[in-house]
Amino acid sequence: MPRHFQSLEDFNKKELQSFLFRAAELKEELAEGILQRQLEGKTIGLVFEKPSTRTRVSFEAAMYGLGGQVIFLSARDTQLARSEPLKDMARVMSRYVNGMVVRTFGQDVVDELAQYSTVPVINALTDLHHPCQVLSDIMTVLEYKKSLDGLKIAWVGDGNNMANSWIQAASILGFELALACPEGYEPDKEILAKASSIAEQPINLLRDPAEAVAGAEVINTDVWVSMGQEDELDGRLKLFAPYQVNSELLARAPAGAIVLHCLPAHRDEEISEEVLESKQCVAFDQAENKMHMHKAILELLLSDAL
Ligand code: CP
Ligand code: NVA
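What counts as what
Numbering of residues starts from 1 in each chain and follows the order in which that chain's sequence is written. By the order in which they are written, chains take letters starting at A while ligands take numbers starting at 1. Where totals are concerned, whole chains, interfaces and linings use all residues; where local detail is concerned, this predicted model gives features only for residues with pLDDT of at least 70, and gives and counts side-chain atom pairs only at 80 or more. To get the side-chain values, take all heavy atoms of the structure and skip hydrogens and water. The numbering of helices and of strands both runs from the N terminus, where a helix is a DSSP run of H or I of at least 4 residues and a strand a run of E of at least 2. Computation of the radius of gyration draws on C-alpha atoms alone. For the globule rule, the value is 2.2 Å times the number of residues to the power 0.38. When accessible area is computed with a 1.4 Å probe and restricted to protein chains, residues below 20% of their type maximum are described as buried, those above 50% as exposed, and intermediate ones as partly exposed. Contacts were defined at the residue level, with two residues in contact if any of their heavy atoms lie within 4.5 Å. The method behind every accessible area is Shrake-Rupley, applied with a 1.4 Å probe, and residues are considered shielded solely by the protein chains displayed. Definition used for salt bridges: Asp or Glu carboxyl oxygen within 4 Å of a side-chain nitrogen of Lys or Arg. Any residue with a heavy atom lying within 4 Å of a molecule or strand is counted as near it. Under the rule applied, a polar contact is a pair of N or O atoms within 3.5 Å (in protein, one hydrogen donor and one hydrogen acceptor; residues adjacent in sequence only if both atoms are side-chain atoms). Residue type decides the class: Asp, Glu, Lys and Arg count as charged, Ala, Val, Leu, Ile, Met, Phe, Trp, Tyr, Cys and Pro as nonpolar, and the leftover types, Gly among them, as polar. Here is the rule: rings of Phe, Tyr and Trp (six-membered ring for Trp) pair when centre to centre is within 6.5 Å. Planes less than 30 degrees apart are stacked, more than 60 are edge-to-face, and the remainder are tilted. Think of it as a cone above the ring: NZ of Lys or CZ of Arg counts as a charge over the ring if it is within 6 Å of the ring centre and within 35 degrees of the ring normal. Of all possible arcs, the one meant is that of the directions from the helix axis to the C-beta atoms. Simply put, an axis is a line fit to the C-alpha atoms, just over the touching stretch for a helix, and the angle between two N-to-C directions goes from 0 to 180 degrees. Any angle that falls under 35 degrees is termed roughly parallel, while one over 145 is termed roughly antiparallel, one within 65 to 115 roughly perpendicular, and all others oblique. Crossing chirality is assigned from the near helix's rotation relative to the far helix, an anticlockwise turn below a right angle marking it left-handed and a clockwise turn marking it right-handed. For two strands to be treated as a pair, DSSP must find at least two bridges joining them. Cysteine sulfurs are considered disulfide-paired once they come within 2.5 Å of each other.

### Observations concerning the overall build of the protein
For step 1, the next point in the chain: Helix and strand content of the protein: 12 helices and 9 strands.
For step 2, the next point in the chain: By the compact-globule yardstick of 19 Å for 306 residues, the protein fits well, its C-alpha radius of gyration being 19 Å.
For step 3, the next point in the chain: Oriented by its inertia axes, the alpha-carbon framework of the protein measures out at about 55 × 45 × 35 Å.
For step 4, the next point in the chain: Looking at the 306 residues of the protein, the share that counts as buried comes to 55%.
For step 5, the next point in the chain: Restricting to contacts in the protein with at least 6 residues of sequence separation, those with at least 24 account for 75%.
For step 6, the next point in the chain: Carbon and sulfur atoms provide 49% of the accessible area of the protein, an area that totals close to 13300 Å².

Now the structure itself:
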């Protein structure tokens, strides 16, 4: 059975730490000019049903960087668009490629592909999770803060796919997480309940952004309108206005706090231009680290090394 990456829950603490450790090592090797060819002769298929800049390019660059090959498929150009069953797609793709990286709407799509695929299926974002992104972001946190021990991380804004993956990460890796989300836009209830029941550090769902960022060395936000929610734009912009990450909110956090944004950012909506362009914001390091993390994920899953 291949190891799939449907959500962060597929791995225990030690395994998530292996991804983090290996990604940092691969980043260092690249900086030293060491040639990485461990996936030579292997191919992955990217099946994307939503737009992407970073995730697509960083997975492709990661695979080529390890000597492998990539086939990119826009889902609407495949027979999925003409109702070919997912279970058939999974079994056919498994005969051609060594792994599948999937970006789609429903988590059930990734889950069904994983159920029938004989090669690893990796979640590159669904409406429910964005696990590889959060792992890359934790790599960035570790670069700046050295350890997760005793660290409080804040999430400000929509209780979306990113928030859900942060909740799972907090419960598995053991750091404190405070989320400030408006009423009606909370993270997934089941994910939160399950994570809270196993977490060693508090995971608190709050309303007040100032309360969430108090004592938080890391502050995270994301767009107020995720892909697929475009019809809700006007209502969301009004409702989320008090949740903007700006210099006023940052003044409530410790002086050395860093700001994370997985990008793309909507300036002066969820984050002020001033904060996004400030030294405190590490969004472009996060973007770079996606490539190193994706290398680690591909290497460990495609060579059955976990
Ligand atoms: N952060 C992220 O997933 O960006 P893309 O949508 O550009 O892949
Ligand atoms: N929550 C955002 C993340 C984009 C990378 C979305 O799903 O659109």
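### Regarding the pattern of salt bridges
For step 1, the next point in the chain: Applying the stated criterion across every chain, the model contains 15 salt bridges.
For step 2, the next point in the chain: The residue Glu-60 makes a salt bridge to Arg-56 at a minimum N-O spacing of 3.0 Å. With Glu-60 and Arg-56 both in helix α2 (residues 54-65) and 4 residues apart, this pair spans about one turn of that helix.
For step 3, the next point in the chain: A relative accessible area of 17% places Glu-60 in the buried class.

### Comments concerning the site of ligand 1
For step 1, the next point in the chain: Taken together, Ser-52, Thr-53, Arg-54, Thr-55, Arg-103, His-130, Gln-133, Cys-262, Leu-263 and Lys-290 make up the full set of residues adjacent to ligand 1.
For step 2, the next point in the chain: Within the contact set of ligand 1, a nitrogen atom lies 2.9 Å away from a backbone nitrogen or oxygen of Cys-262.
For step 3, the next point in the chain: In the complex, 95% of the free accessible area of ligand 1, which totals 250 Å², lies under the protein chains.
For step 4, the next point in the chain: For the shell around ligand 1, a count of residues per class yields 2 nonpolar, 5 polar and 3 charged.

### Some thoughts on the packing of aromatic side chains
The geometry of an aromatic ring pair is captured by the separation of the ring centres together with the interplanar angle, meaning the angle of the planes.
For step 1, the next point in the chain: By the definition in use, this model includes 8 aromatic pairs.
For step 2, the next point in the chain: An angle of 75° between the planes, with centres 5.9 Å apart, marks the rings of Trp-166 and Phe-175 as edge-to-face.
For step 3, the next point in the chain: The buried category is assigned to Phe-175, whose relative accessible area is 0%.
For step 4, the next point in the chain: Look at Trp-224 and Phe-240: their rings are 5.8 Å apart centre to centre, the planes differ by 20°, and that puts the pair in the stacked class. A residue pair is termed long-range when its members are at least 10 positions apart, and Trp-224 in the loop between β8 (218-221) and α9 (233-240) and Phe-240 in helix α9 qualify at 16 residues. In this pair, the class of Trp-224 matches that of Phe-240, namely buried.
For step 5, the next point in the chain: Among the aromatic residues, those joined into a ring-pair cluster are Tyr-185, Trp-224, Phe-240 and Tyr-243.
For step 6, the next point in the chain: Here the basic side chain of Arg-56 rests over the ring of Phe-72, its NZ or CZ set 3.5 Å away from the ring centre.

### Things to note about helix α7 (residues 189-198)
Each α-helix turn comprises 3.6 residues. Residues three or four places apart therefore point the same way.
For step 1, the next point in the chain: Where α7 is concerned, the buried positions are Ile-191, Leu-192 and Ala-195. One side of α7 holds all its buried residues, which, seen down the axis, span an arc of 95°. For α7, the exposed residues lying more than 90 degrees away from the buried face are Lys-189, Glu-190 and Ser-197.
For step 2, the next point in the chain: At its buried positions, α7 is contacted by α6 (161-173) and β7 (203-206).

### Focus on the packing of helix α1 (residues 13-31) against helix α5 (residues 131-145)
For step 1, the next point in the chain: Remark: α1 packs on α5, axes separated minimally by 10 Å, with the N-to-C direction vectors making an angle of 65°. When the interaxial angle is binned, α1 and α5 end up roughly perpendicular. Of the two possible hands of crossing, α1 and α5 adopt the one that is right-handed. Residues Leu-16, Phe-19, Leu-20, Ala-23, Ala-24 and Lys-27 of α1 form the contact with α5, whose participating residues are Leu-135, Ile-138, Met-139, Leu-142 and Glu-143.
For step 2, the next point in the chain: Considering only residue class, the contact of α1 with α5 consists of 9 nonpolar, no polar and 2 charged.

### Comments concerning the sheet that holds strand β6 (residues 176-180)
For step 1, the next point in the chain: Spatially, the 5 strands line up as an open sheet ordered β7-β6-β5-β8-β9, and their pairing is parallel. What marks the edges here is a single partner per strand, and that holds for β7 and β9 (258-261). Averaged over neighbouring strand pairs, the angle between their axes works out to 20° when direction is ignored.
For step 2, the next point in the chain: Pairing geometry for strand β5 (residues 152-156) and β8, over 3 bridges, is parallel.

### As for the state of the cysteines
For step 1, the next point in the chain: Tallied over the full model, the rule gives 0 disulfides.
For step 2, the next point in the chain: Lacking any disulfide linkage, Cys-181 is separated from the closest cysteine sulfur, that of Cys-262, by 14 Å.
For step 3, the next point in the chain: Not part of a disulfide, Cys-281 finds its nearest cysteine sulfur in Cys-262, a span of 11 Å.
For step 4, the next point in the chain: You can call Cys-281 buried: its relative accessible area is 11%.

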